[in-house]
Amino acid sequence: MSSNEIPAREASVDARSVLRWAATIWFAAAALGQAAFIYFILAFYGTRTASGRFAAWNDKPLITGYVQDDHAGNAMFAAHVLLAAVVTLAGLAQLVPALRRAAPALHRWTGRTFLVVACFLALGGAWMTIARGSYLSVVSAVAIALDAVLILVFAVLAWRAALARRFDQHRRWAMRAFMVVSGVWFLRVGLMGWVVLNGRPVGMTHRMDGPADIVLVFGSYLIPLAILELYFAAERSARPAPKLAVSVLILASAAYVAVGTLGAIMMMWGPYL
Ligand code: HEM
């Protein structure tokens, strides 16, 4: 039988499973990369904070980090970095369908934890940026502030849809919230992926205001959000072609995530452990 004799419905079913597999491979790459981020946070910040060696946070390059006698700023920094591990783990747990089905009560509690901690990180992060002056350039500050606004908006919409038991809308807002909360992780992976692919930093500055920096600081959440919207559209489409095209895009982005994660482990996290 020639390919154009394959019944349209069969082709559409095959394309649907290709899309599902592409999304699963993307999630596996992201989960490994986020696990490396969590490990770094606990092994670097967790150990120093637990043993009271707060000044040793600055053993790695930071914008502000520990400042002697700045009790409020140091406390916020500690809460922010330690809760970053919690939000990242909770976000991953929310997206595993088997866990959701096996333990719905756990899903509700990790979901509440994820949304509350995400809002705390967005507000605390904005406070450190504006009040503590922890930013490298105005453009990078604006980009992260916009990410904070999107985190707050998407968290509220995901929560409201869950309360109203509109689960289809809840799933979409929760996945959008996952993408914007993961923005800071995507930024690290995006920057290091760019350096690995070019063999050196191209279009980047120490103030994060080079052309590549600007694309990456906004792109760290806008690109994943755009790919997610294409994924939703491909899911809804009855035709196989959009599903296959979006699958290719998702697999390419999984490859970038894998390269960026290796770059972050080699250049950003590993050297300080
Ligand atoms: C919601 C997810 C977030 C996570 C997982 C996260 C994670 C982190 C981590 C791990 C650090 C330590 C710095 C490092 O080792 O690279 C950090 C620092 C920081 N974050 Fe976040 N963050 C999040 C959201 C935000 C937001 C929305 C903002 C701003 C609006 C923000 C602003 C900051 C600032 C200002 C610092 C301190 C930088 C310094 O003093 O060097 N964060 N964050």
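For every chain, the first residue of its written sequence is number 1, and the numbers climb from 1 along that sequence. Only residues with pLDDT of at least 70 get local features here, since the model is predicted, and only at 80 or more are side-chain atom pairs given and counted; chain-wide, interface and lining totals rely on the full set of residues. As a rule here, side-chain values come from all non-hydrogen atoms in the structure, and water together with hydrogens is ignored.

Student: Any details on the overall build of the protein? Residues and values, ideally.
Tutor: Working definition: helices are DSSP H or I runs of at least four residues, strands are E runs of at least two. Numbering for both runs from the N terminus. Looking only at helices and strands, the protein features nine helices and zero strands. This radius of gyration counts C-alpha atoms alone. The globule rule is 2.2 Å times how many residues there are, raised to the power 0.38. In terms of overall dimensions, the protein is globule-like: its C-alpha atoms have a radius of gyration of 20 Å, near the 19 Å expected for 273 residues. Principal-axis analysis of the C-alpha atoms places the extent of the protein at approximately 75 × 45 × 30 Å. Only protein chains enter the calculation, and the probe is 1.4 Å; a residue is then buried if its accessible area is under 20% of its type maximum, exposed if over 50%, and partly exposed in between. For the protein, the residues scored as buried account for 43% of the 273 residues in total. By definition in these notes, contact holds between two residues if any of their heavy atoms fall within 4.5 Å. For the protein, restricting intrachain contacts to residue pairs at least 6 apart in sequence, the fraction spanning at least 24 positions comes to 71%. Using a 1.4 Å probe, the Shrake-Rupley method yields the accessible areas, and only the shown protein chains count as cover for residues. Of the roughly 14400 Å² that the protein leaves accessible, carbon and sulfur atoms contribute 69%. Think of it this way: Lys and Arg go in the positive column, Asp and Glu in the negative one, and His and the chain ends go nowhere. In plain terms, the charge of a residue is placed at NZ if it is Lys, CZ if Arg, CG if Asp and CD if Glu. The positive charge centre, built from 23 side chains, and the negative charge centre, built from 12, are 8 Å apart in the protein.

Student: Before we move on, can you summarise the nonpolar core with the specific residues and values?
Tutor: We define the nonpolar core as a collection of buried residues of types Ala, Val, Leu, Ile, Met, Phe, Trp, Tyr and Cys that are connected through side-chain atoms lying within 4.5 Å of one another. The biggest cluster of nonpolar side chains holds 67 residues, and the ones touching the most others in it are W26, W185, Y231, I250 and W269. Mapped onto this core, the elements with two or more residues apiece are α1 (8–50), α2 (71–94), α4 (104–130), α5 (138–163), α6 (167–181), α7 (183–198), α8 (211–236) and α9 (240–269). The dominant element in this core, judged by the number of residues it contributes, is α1, at 14 residues. W269 has contacts with G33, A36, F37, F40, W185, R188 and A264, leaving out every residue within four places of it along the chain.

Student: Which residues make up the packing of aromatic side chains, and what are the values?
Tutor: By convention here, two paired aromatic rings are described through the distance between centres and the angle between planes. Here is the rule: rings of Phe, Tyr and Trp (six-membered ring for Trp) pair when centre to centre is within 6.5 Å. Planes less than 30 degrees apart are stacked, more than 60 are edge-to-face, and the remainder are tilted. Using the criterion set out here, one finds 13 aromatic pairs in the structure. Seen from their ring centres, W185 and F186 are 5.1 Å apart, and the 55° between their planes marks the pair as tilted. For W185, a relative accessible area of 2% puts it in the buried group. An aromatic cluster of three or more residues is present, and its members are F37, F40, F44, Y45, F54, W57, Y66, F77 and W269. Charge-over-ring contacts are defined here by two conditions on Lys NZ or Arg CZ: a distance within 6 Å of the ring centre and an angle within 35 degrees of the ring normal. Seen from the ring of F44, R48 lies directly overhead, with NZ or CZ sitting 3.9 Å from the centre.

Student: Which residues make up the coordination of the iron atom of the ligand, and what values do they have?
Tutor: For the iron atom of the ligand, the sole protein-derived donor is H80 (NE2), lying 2.1 Å away. Along the chain, H80 falls in helix α2. With water omitted from the atoms examined, metal sites may look incomplete; donors here are N, O and S atoms no farther than 2.8 Å from the metal, or 3.2 Å in the case of Na, K and Ca.

Student: So what about the side chain of S253? Which residues, and what values?
Tutor: Its place among the elements puts S253 in helix α9. In contact with S253, not counting residues within four places along its chain, are W26 and I227.

Student: Summarise the environment of L244; cite the residues concerned and give the values.
Tutor: You can see L244 is positioned in helix α9. Considered as a pair, L244 and S12 are 232 residues apart in the sequence and their alpha carbons are 9.7 Å apart. Beyond its immediate stretch of four places on either side in the chain, L244 contacts A15 and V18.

Student: Help me get a handle on α9, residues and values and all.
Tutor: Helices are assigned an expected span. That span is 1.5 Å times one less than the residue count. Here α9 spans 41 Å end to end across 30 residues, near enough to the 44 Å set by a 1.5 Å rise per residue. Bend, at a single residue, is the angle you get between axes fitted to the 7 residues ending at that residue and the 7 residues starting at it. Within α9, the axis deviates most sharply at G263, by approximately 25°.

Student: How would you sum up the packing of α1 against α2? Please name residues and give values.
Tutor: The description of two helices packed together rests on the angle between their axes and the distance between the axes. The N-to-C vectors of α1 and α2 enclose an angle of 150°; their axes lie 9 Å apart at closest approach. One way to sum up the angle between α1 and α2 is to call them roughly antiparallel. As for how α1 packs across α2, the hand of that crossing is left-handed. Facing F27, A31, Q34, F37, I38, I41, L42, Y45, G46 and T49 of α1, the residues of α2 in contact are F77, A78, V81, L82, A84, A85, T88, L89 and L92. Residue classes follow a fixed rule: Ala, Val, Leu, Ile, Met, Phe, Trp, Tyr, Cys and Pro count as nonpolar, while Asp, Glu, Lys and Arg count as charged, and any other residue, Gly among them, counts as polar. Broken down by class, the residue content of the contact of α1 with α2 amounts to 15 nonpolar, four polar and no charged. The convention used is that axes are lines fitted to C-alpha atoms, helices contributing only their stretch in contact, and that angles between N-to-C directions extend from 0 to 180 degrees. Should an angle fall under 35 degrees it is taken as roughly parallel, and over 145 as roughly antiparallel, whereas 65 to 115 is taken as roughly perpendicular and any remaining angle as oblique. Crossing handedness is read from the near helix: turned anticlockwise from the far helix by less than a right angle, it gives a left-handed crossing, and turned clockwise, a right-handed one.

Student: Can you explain the environment of P97? Please cite residues and give values.
Tutor: Positionally, P97 belongs in helix α3 (residues 97–102). On the basis of relative accessibility, which here comes to 35%, the residue P97 falls in the partly exposed class.

Student: Which residues make up the packing of α2 against α4, and what values do they have?
Tutor: As a packed pair, α2 and α4 sit with axes 8 Å apart at the nearest point and diverge in direction by 145°. Taken as a pair, α2 and α4 cross one another with a handedness that is left-handed.

Student: Go over the site of the ligand, please, and point to the residues and values.
Tutor: We call a residue near a molecule or strand as soon as one heavy atom of that residue lies within 4 Å of the molecule or strand. Neighbouring the ligand are 24 residues, the closest being Y45, I63, G65, H80 and R188. We call two N or O atoms a polar contact when they sit within 3.5 Å, provided that within protein one can donate a hydrogen and the other can accept it, with sequence-adjacent residues counted only if both atoms are side-chain atoms. A distance of 3.1 Å separates an oxygen atom of the ligand from a polar atom in the side chain of K60. The backbone of G65 places a nitrogen or oxygen atom 2.9 Å from an oxygen atom of the ligand. Taken together, the elements giving at least two residues each to the shell around the ligand come down to α1, α2, α4, α5 and α7. Here the shell around the ligand gets six residues from one element, more than from any other, and that element is α4. Broken down by class, the residue content of the shell around the ligand amounts to 16 nonpolar, six polar and two charged.

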